[in-house]
Amino acid sequence: MATRIFIDGAAGTTGLEIRERLDGRDAFELIVLDDAERKSETARRDALHAADIAILCLPDDAAKESVALAAGSNTRFIDASSAHRVAEGWTYGFPEVIGREHIAEAQFVSNPGCYPTGFIALIAPLVRAGLLPADWPFTCNAVSGYSGGGKALIERFAAEPDIAFRTYGLNLDHKHLPEMQAHAGLDHGVLFAPSVVPAYRGMVVEVPLHLGAMSTGPHADRLRDALGQFYEGSQVVKVVHDETESELLLHADAPPRDDMELRVFGNEGGWNARLVARLDNLGKGASGAAIQNLNIMCGLPETEGLNL
Ligand SMILES: NC(=O)C1=CN([C@@H]2O[C@H](COP(=O)(O)OP(=O)(O)OC[C@H]3O[C@@H](n4cnc5c(N)ncnc54)[C@H](OP(=O)(O)O)[C@@H]3O)[C@@H](O)[C@H]2O)C=CC1
Ligand SMILES: CC(=O)N[C@@H](CCC(=O)OP(=O)(O)O)C(=O)O
């Protein structure tokens, strides 16, 4: 029997991309609310109770409301919002880092944020391996395509086509900070500098490191090797190394992709490093991650339906 899926927020940027990835898959039957009903509390409650798995592609408050509306049901959840990423009782849906077995059995799965996906992928394995200190004052610079801000930012970039670059989060309290610290296993908060460029999708998340100033003093090559070992065999997270590479680009019209590339660049002595993740904010940063988690929760091949 097909698994019944209700995408709450199916008309939004992330919801639409999840529908695209589910299209034509016999394992799933979609419960769809029409435009007149998609924000009706009654219709959503009925759909949430009828579903085996609900995928929430909503603002945080509406996502919390959906969980409350489903009270009394056995519905399982994949929440794409940031409402439950460090919440008690929720499993962080990052299979490569958290472990598939936890996601496979969970009722409540929270998808990671797009920027944290890159940051945690780079840092968590290295802290766990003792190669980077958990109490290091980590910084993170990142640039995202404007679809990362959902419909509102897409409309803004359409209305203001002369925006060439936008830095933000200048009050240093970006909503991704708690999950970055918690799931990378850090003692302190991260100094995070996000920005947006006039490309629809795609992102580069970078962690610059003065390795020479650490008591652990790892060489950049050692960090790359450790990441390579950690993600060995993954079809989604790939550690890339090309000594001739001297730049990374995002393209304004890049196609959707659900993988993520990790790179470690080091200076000649290896005591300075730039750890860089490149991913699609709407792919492994949102919709691709939701499909990967859905596959795992349903016991299906993990990468089915992904753009790899
Ligand atoms: N965009 C991205 O790259 C990423 C997004 N996310 C998260 O995923 C979630 C969805 O983001 P995104 O798709 O970008 O956002 P959008 O703004 O594009 O879509 C949100 C959708 O939710 C609908 N909605 C709002 N309130 C309600 C409600 N009470 N009941 C039913 N539907 C409602 C909106 O309706 P309407 O169309 O009428 O406005 C809209 O269709 C957010 O929490 C976001 O933070 C996570 C990772 C990456
Ligand atoms: C460019 C842009 O605005 N990006 C969003 C994050 C997108 C994302 O990861 O979604 P969550 O809100 O679910 O965490 C932001 O900085 O708030």
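Above this note sits the structure.
Since the structure is predicted, the reported quantities are computational estimates derived from the model, not experimental observations.

1. A word on unusual backbone geometry
Where the residue is not glycine, phi is negative for most of them; where a peptide bond is considered, it is trans in most cases.
Logical step 1: A positive phi angle is found at leucine 172, which is not glycine, with a value near 60 degrees.
Logical step 2: Structurally, the position occupied by leucine 172 is in the loop between β8 (166-167) and α8 (177-184).
Logical step 3: With 11 C-beta atoms counted inside 10 Å, the residue leucine 172 sits in the exposed group.

2. A closer look at the sheet that holds strand β2 (residues 28-31)
Logical step 1: Pairing within the open sheet is parallel, and its 6 strands lie in the order β2-β1-β3-β4-β6-β5. Taken across any chain shown, the strands that pair with only one partner, and hence form the sheet edges, are β2 and β5 (91-92).
Logical step 2: Across 2 bridges, β5 lies against strand β6 (residues 108-110) in parallel orientation. Within β6, the position partnered with threonine 91 by the bridge is valine 109.
Logical step 3: Across the sheet, helix α10 (residues 283-297) lies against β3 (53-56), β4 (76-79) and β6, angled at about 160 degrees from β4, the strand it touches most.

3. Quick word on the site of ligand 2
Logical step 1: Looking at ligand 2, there are 13 residues lining it, with Ser82, Gly113, Cys114, Gly148 and Gly149 nearest.
Logical step 2: Of all the elements in the fold, those that place two or more residues in the shell around ligand 2 are α6 (114-128) and β9 (191-197).
Logical step 3: In terms of residue class, the shell around ligand 2 is made up of 5 nonpolar, 8 polar and no charged.

4. Looking at α8
Logical step 1: Turning to α8, its buried residues are Glu179, Met180, Gln181, His183 and Ala184.
Logical step 2: Of the surrounding elements, those touching the buried residues of α8 are β5, α4 (95-98), α6 and β9.
Logical step 3: Trailing α8 by a residue or two, glycine 185 shows a phi angle of about 75 degrees, which is positive.

Rules behind the numbers
- Residues numbered from 1 in each chain as written.
- Chains lettered and ligands numbered in written order.
- Predicted model: local features only at pLDDT ≥ 70, side-chain atom pairs only at ≥ 80, totals over all residues.
- Helix = DSSP H or I, 4+ residues; strand = E, 2+ residues; numbered from the N terminus.
- Buried ≥ 20, exposed ≤ 12 C-beta atoms within 10 Å, placed from the backbone.
- Pairing = 2+ DSSP bridges.
- Contact = placed C-beta atoms within 7 Å.
- Axes fitted to C-alpha atoms, helices over the stretch in contact; angles between N-to-C directions.
- Near = placed C-beta within 6 Å.
- Nonpolar A, V, L, I, M, F, W, Y, C, P; charged D, E, K, R; others polar.

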